[in-house]
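The primary structure of each chain is shown beneath.
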Amino acid sequence: AFFYASSPAHNEFLIWNGDYHLVSADGRLRWKIKGSDTPDAMAFSPDSRRIAVYVAGKLKIIDRNTKASKVLYAKGGSVRTLVWSPDSKWIAFRESRNKAASYDPPVVDFGWAVTAVNAETKAVHEFSAEVVELGPDTAGPDEGTLVTSIPILVGSTGIRPIVYANDVAGGYGELMLLSAPLLV
């Protein structure tokens, strides 16, 4: 098997063919890391400083410069795609939970869940929502569509986390504000 991810900022590729190889566009090997399990997905952060790799039921982050890696999330299952937030702080993925461990509190297993993990704090957010209404002049999914999103709200004042606050509703609230371009 052979997998690769491309860097948006440094014109490099992470190639897996049994081991991980960081290769420049002109073919020069920058570094190599031993690896055995086939990754489900790999993706460079938009700033190209980190590489997310989902392998053997774990989301790992590899520092591009130091090769240091850390596990951010480990619940099992498999992943098809990793998506970074534009600020390189969050990683979202759709995960198959067919092999997942038990949860506390228990959750209903619908087969797939969308998860977002903060690459710095390891905070995990999992939610799905039904579109109730679109804002004025907003293009997005039809009302009634089930969606998920990275837990951030993009607006004219910048990027805000969806948290327990009066101005950015979230948490266990009945209704949440979500940015239409980030909906999956």
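As a reminder, the structure under discussion sits directly above these lines.
I will try to describe carefully the structure that is included in this document. Remember, it's a predicted structure, so these values are computed and weren't measured experimentally.

Calculation criteria
Residues numbered from 1 in each chain as written. Predicted model: local features only at pLDDT ≥ 70, side-chain atom pairs only at ≥ 80, totals over all residues. Heavy atoms only, no water. Pairing = 2+ DSSP bridges. Helix = DSSP H or I, 4+ residues; strand = E, 2+ residues; numbered from the N terminus. Axes fitted to C-alpha atoms, helices over the stretch in contact; angles between N-to-C directions. Salt bridge = Lys/Arg side-chain N within 4 Å of Asp/Glu carboxyl O. Buried < 20%, exposed > 50% of the residue type's maximum accessible area, 1.4 Å probe, protein only.

1. Digging into the sheet that holds strand β8 (residues 69–74)
Argument step 1. Strand order in the open sheet formed by four strands is β5-β6-β7-β8, with antiparallel pairing between adjacent strands. This sheet does not close on itself; its edge strands, each paired only once, are β5 (39–44) and β8. The average angle at which neighbouring strand axes cross in this sheet is 20°, direction not considered.
Argument step 2. Where strand β7 (residues 58–63) lies against β8, five bridges are found, and the strand directions are antiparallel. Note that in β8 the partner of K58 across the bridge is A74.

2. Some words on the sheet that holds strand β1 (residues 3–6)
Argument step 1. Pairing in this open sheet of four strands is antiparallel, and the strands run β1-β2-β3-β4 from one edge to the other. A single partner strand is all that each edge strand has here, and the edge strands are β1 and β4 (29–34). Put simply, the sheet's adjacent strands are angled 15° from each other on average, direction ignored.

3. Details of the pattern of salt bridges
Argument step 1. In total, this model carries six salt bridges according to the counting rule given.
Argument step 2. Of the charged contacts in the structure, one is a salt bridge between E12 and R64, with a shortest N-O distance of 2.7 Å. Here R64 lies in the loop between β7 and β8 and E12 lies in strand β2 (residues 12–16), a separation of 52 residues in the sequence.
Argument step 3. When its relative accessible area of 1% is taken as the criterion, E12 is described as buried.
Argument step 4. A residue is classified by how much of its surface remains accessible, and R64, at 11% relative accessible area, is buried.
Argument step 5. The closest approach of N and O atoms between R28 and D26, which form a salt bridge, is 3.0 Å.
Argument step 6. According to the relative accessible area criterion, D26 is exposed, its value standing at 55%.
Argument step 7. Through salt bridges with shared partners, one network takes in E12, R30 and R64.

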